[in-house]
Structure formats: C-alpha cells, structure tokens
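Chain and residue survey
Residues per chain, in single letters:
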Amino acid sequence: MTENSRPPQSAAAAQRLNDALKRLRARLRTESGQHAIGLTVTQLSVLGSIVRQGPITAARLAAVEHVSAQAVAQNLAVLKAAGLVHSEPDPEDGRRKLISADPTATEMIGRLLAGRDTFLARAIDQLATTPDELKDVEKAIDLLERLAAADPGDGAP
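This write-up is about the structure you can find in this document. (Residues numbered from 1 in each chain as written. Predicted model: local features only at pLDDT ≥ 70, side-chain atom pairs only at ≥ 80, totals over all residues. Heavy atoms only, no water.)

**A short note on the overall build of the protein**
In terms of helices and strands, the protein carries six helices and two strands. A globule of 157 residues ought to have a C-alpha radius of gyration of about 15 Å, yet the protein, at 20 Å, is considerably larger. Principal axes of the C-alpha set define a box for the protein whose edges measure 55 × 40 × 25 Å. A burial count over the protein gives 23% of its 157 residues as buried. Total accessible area on the protein stands at roughly 10900 Å², and carbon and sulfur atoms take up 56% of it. (Helix = DSSP H or I, 4+ residues; strand = E, 2+ residues; numbered from the N terminus. Rg over C-alpha atoms; globule rule 2.2 N^0.38 Å. Buried < 20%, exposed > 50% of the residue type's maximum accessible area, 1.4 Å probe, protein only. Areas by Shrake-Rupley, 256 points an atom, 1.4 Å probe, with all protein chains shown as cover.)

Here's what the structure looks like:
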C-alpha cells in the first residue's frame, strides 16, 4: 500500500497523535520551567544525554542524539561557555576527549525532569479517577511505547 493510499482512519489518527504529542511536549517544557533556563530544546537534550551517559565522547554523543558531529560540537560550545559541561582527556586514549556534566547541570536536569514528572502525575490523577481509567492510561502508554519501537519498514501496514 502506498502512502497516498493509506486508509483515511490511520492517516487521521497519525495527524491527531502528532498534534497531541506536540502539544504535550510544549506543555511539559512549560510545566518543567524549561523556558526560563535559556537553552534550546536541542541543547537540553544534549545536556541530558551527557548527564545520563556519564563521561562520553562527542562521537558517541552524536550517535546517541542521532545528529551530526557538527551539531554536537555547536551545542557543546554553548554548554561549555555556560559552564554546564567540561572535557578532559580520555585516560584510555589521550587523543579523545570525554565530556562530563557539571554538578549544576546534573541538578538542573533533575529539576526539569522532576517538574515534568510532577505535572504528568497530577494530570493523570486528575483525569484517571477510576481504576478502569487508570488501566486505560496504562494501555495508552503501552501503545505509545510500541509506536516508539515500531519499524514500519517499507510502509506496508
């Protein structure tokens, strides 16, 4: 089945899901206080990966973030200038540099994630007021996780 001959229901569902995810991401950025930090979404993503991965090379960071080495270098320059990350020679290979997060960066990422989690927990508590509704939320999460892991291959259903 070609993309143009996709059933209208799945195309409409895809558009609704995309719109809902955009709104949810924007809401999470607002609720977490991300806008007040002054870093872009990409810079925060790179910083979060550095915090989670521990000391990491720029090449590995580019692979983790699914971006080019140039994009990582540009974001690292901003993060270094802000004092949020630093680099040091790799003890196993002095030609490479390992990038680490400053403790203030780790704390900042923790606050952002806690703000997102708090908002989501409150929203779930408000919306899922019965055990059946909570099960529906769990089923929706399962579906979203399956969507994230899906490999549609050649575009066939």
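Continuing now.
**Details of the packing of helix α1 (residues 8–32) against helix α5 (residues 103–127)**
Put simply, α1 and α5 touch, their axes get as near as 8 Å, and they point 115° apart. As for the relative orientation of α1 and α5, their crossing is right-handed in sense. Residues Leu 24, Arg 27, Leu 28, Arg 29, Glu 31 and Ser 32 of α1 form the contact with α5, whose own contacting residues are Leu 112, Gly 115, Arg 116, Phe 119, Leu 120 and Arg 122. Residue composition of the contact of α1 with α5, grouped by class: five nonpolar, two polar and five charged. (Axes fitted to C-alpha atoms, helices over the stretch in contact; angles between N-to-C directions. Left-handed = near helix turned anticlockwise from the far one by under 90°. Contact = heavy atoms within 4.5 Å. Nonpolar A, V, L, I, M, F, W, Y, C, P; charged D, E, K, R; others polar.)

**What about unusual backbone geometry?**
Its identity is not glycine, yet His 66 carries a phi of approximately 60°, on the positive side. Note on placement: His 66 falls in the loop between α3 (58–65) and α4 (69–81). Exposure remark for His 66: the relative accessible area of 71% places this residue in the exposed category.

**Things to note about the side chain of Gln 43**
Relative to the assigned elements, Gln 43 resides in helix α2 (residues 41–53). Under the relative-accessibility criterion, Gln 43 is labelled buried at 10%. Non-local contacts of Gln 43, meaning those with residues more than four positions away in its chain, are made with Asn 75, Val 78 and Leu 79.

**Quick notes on the layout of surface pockets**
In this structure, the largest pocket encloses a volume near 1100 Å³. As for the largest pocket, its lining consists of 30 residues, and the residues nearest its centre are Leu 21, Leu 24, Arg 25, Leu 28 and Leu 120. Mapped by element, the contributors of at least two residues to the lining of the largest pocket are α1, α2, α5 and α6 (131–149). The dominant element in the lining of the largest pocket, judged by the number of residues it contributes, is α5, at twelve residues. Taken as a whole, the second largest pocket holds about 340 Å³ of empty space. As for the second largest pocket, its lining consists of Ala 13, Ala 14, Leu 17, Asn 18, Leu 21, Arg 25, Leu 144, Leu 147, Ala 148, Ala 150, Asp 151 and Pro 152. (1 Å grid on protein atoms, 1.4 Å probe; cavity = no way out; pocket = protein on both sides within 12 Å on 5 of 7 lines; lining within 4 Å. Points joined across faces, edges and corners; volume = space filled by probe spheres on them.)

**Topic: the nonpolar core**
Leu 47, Ile 50 and Leu 76 are the most contacted members of the largest nonpolar core, which has 19 residues in total. The contact partners of Leu 76, leaving out residues within four places of it in the chain, are Val 46, Ile 50, Ala 58, Leu 61, Val 85 and Ile 99. (Core = buried A, V, L, I, M, F, W, Y, C linked by side-chain atoms within 4.5 Å.)

**A few points about α3**
Looking at α3, one finds that the buried residues are Leu 61, Ala 62 and Glu 65. One face of α3 carries all of its buried residues, which in axial projection span an arc of 100°. Against α2 and α4 lie the buried residues of α3. Once α3 ends, the next one or two residues include His 66, with phi positive near 60°. (Arc of directions from axis to C-beta.)

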